[in-house]
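# Summary of structural features
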Amino acid sequence: MQLDRPTFRFLLEAVAASLSASLAVLTIVWPGWIEALTGLDPDHGNGSAEWLVVLVLALVSVGATVAARGQWRQRHAAAAAGGA
(Lines give C-alpha, C1' and ligand atoms only; values in the text may rest on other atoms or scores of the structure.)
Protein backbone atom coordinates (compact mmCIF):
# COMPACT_ATOMS: atom_id res chain seq x y z
CA MET A 1 0.00 0.00 0.00
CA GLN A 2 1.32 3.40 -0.98
CA LEU A 3 1.49 5.83 1.96
CA ASP A 4 2.93 8.91 0.29
CA ARG A 5 -0.52 10.39 -0.43
CA PRO A 6 -3.31 10.68 2.13
CA THR A 7 -6.78 9.48 1.19
CA PHE A 8 -9.51 11.91 0.20
CA ARG A 9 -11.55 10.90 3.25
CA PHE A 10 -8.63 11.65 5.58
CA LEU A 11 -8.09 15.04 3.95
CA LEU A 12 -11.80 15.86 4.18
CA GLU A 13 -11.90 14.95 7.87
CA ALA A 14 -8.69 16.86 8.62
CA VAL A 15 -9.95 19.98 6.84
CA ALA A 16 -13.30 19.74 8.64
CA ALA A 17 -11.52 19.43 11.99
CA SER A 18 -9.24 22.39 11.28
CA LEU A 19 -11.98 24.61 9.91
CA SER A 20 -14.44 23.90 12.71
CA ALA A 21 -11.76 24.43 15.38
CA SER A 22 -10.73 27.70 13.75
CA LEU A 23 -14.33 28.93 13.60
CA ALA A 24 -14.87 27.93 17.24
CA VAL A 25 -11.85 29.98 18.30
CA LEU A 26 -12.97 32.87 16.09
CA THR A 27 -16.39 32.77 17.75
CA ILE A 28 -14.80 32.86 21.21
CA VAL A 29 -12.53 35.77 20.28
CA TRP A 30 -15.06 37.73 18.19
CA PRO A 31 -18.61 36.58 18.99
CA GLY A 32 -20.19 39.16 16.70
CA TRP A 33 -18.71 37.77 13.47
CA ILE A 34 -21.85 35.78 12.72
CA GLU A 35 -24.08 38.83 13.03
CA ALA A 36 -21.59 40.93 11.06
CA LEU A 37 -21.50 38.37 8.25
CA THR A 38 -25.19 37.47 8.04
CA GLY A 39 -26.98 40.40 9.67
CA LEU A 40 -28.98 37.93 11.78
CA ASP A 41 -29.23 38.25 15.57
CA PRO A 42 -31.24 35.24 16.77
CA ASP A 43 -30.43 35.71 20.48
CA HIS A 44 -30.97 39.49 20.48
CA GLY A 45 -27.49 40.21 21.80
CA ASN A 46 -27.37 37.95 24.87
CA GLY A 47 -24.63 35.69 23.45
CA SER A 48 -26.35 32.33 23.88
CA ALA A 49 -26.37 31.59 20.15
CA GLU A 50 -22.63 32.19 19.97
CA TRP A 51 -21.95 29.75 22.80
CA LEU A 52 -24.14 27.17 21.09
CA VAL A 53 -22.13 27.70 17.89
CA VAL A 54 -18.88 27.25 19.84
CA LEU A 55 -20.18 24.02 21.39
CA VAL A 56 -21.34 22.58 18.06
CA LEU A 57 -18.11 23.56 16.29
CA ALA A 58 -16.01 22.08 19.07
CA LEU A 59 -17.95 18.81 18.88
CA VAL A 60 -17.56 18.71 15.09
CA SER A 61 -13.85 19.39 15.45
CA VAL A 62 -13.35 16.60 17.99
CA GLY A 63 -15.42 14.16 15.93
CA ALA A 64 -13.60 14.94 12.70
CA THR A 65 -10.24 14.70 14.46
CA VAL A 66 -11.10 11.28 15.87
CA ALA A 67 -12.34 10.12 12.45
CA ALA A 68 -9.21 11.39 10.68
CA ARG A 69 -6.98 9.73 13.27
CA GLY A 70 -8.87 6.47 12.76
CA GLN A 71 -8.32 6.69 9.00
CA TRP A 72 -4.63 7.43 9.54
CA ARG A 73 -4.12 4.53 11.95
CA GLN A 74 -6.14 2.10 9.80
CA ARG A 75 -4.14 2.92 6.71
CA HIS A 76 -0.79 2.60 8.47
CA ALA A 77 -1.82 -0.63 10.20
CA ALA A 78 -2.84 -2.10 6.85
CA ALA A 79 0.47 -1.03 5.33
CA ALA A 80 2.42 -2.53 8.22
CA ALA A 81 0.50 -5.82 7.95
CA GLY A 82 1.02 -5.92 4.21
CA GLY A 83 4.70 -5.04 4.45
CA ALA A 84 5.52 -7.62 7.14
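If you're wondering where the values come from, they're calculated on a predicted model, not measured in any experiment.

Right, let's talk about unusual backbone geometry for a bit. Where the residue is not glycine, phi is negative for most of them; where a peptide bond is considered, it is trans in most cases. One non-glycine residue, histidine 44, adopts positive backbone phi at about 55°. Among the structural elements, histidine 44 can be located in the loop between helix H2 (33-38) and helix H3 (48-83).

Moving on, we get to the environment of alanine 49. Checked against the element boundaries, alanine 49 lands in helix H3. When the C-alpha positions of alanine 49 and proline 31 are compared, they lie 9.3 Å apart, and in sequence the two are 18 residues distant. Ignoring sequence-local partners within four residues, the contact set of alanine 49 consists of Pro42 and Asp43.

Each value, and the rule that gives it
Position numbers for residues count from 1 along each chain, tracking the sequence in the order it is written. The model is predicted, so local features are restricted to residues of pLDDT at least 70 and side-chain atom pairs to those at 80 or more, both for listing and for counting; the totals for chains, interfaces and linings are taken over all residues. Only heavy atoms go into the side-chain values, all of them from the structure, while hydrogens and water stay out. Put simply, DSSP H or I for four residues or longer makes a helix, DSSP E for two residues or longer makes a strand, and each gets a number counted from the N terminus. Should any heavy atoms of two residues lie within 4.5 Å, those residues are considered in contact.

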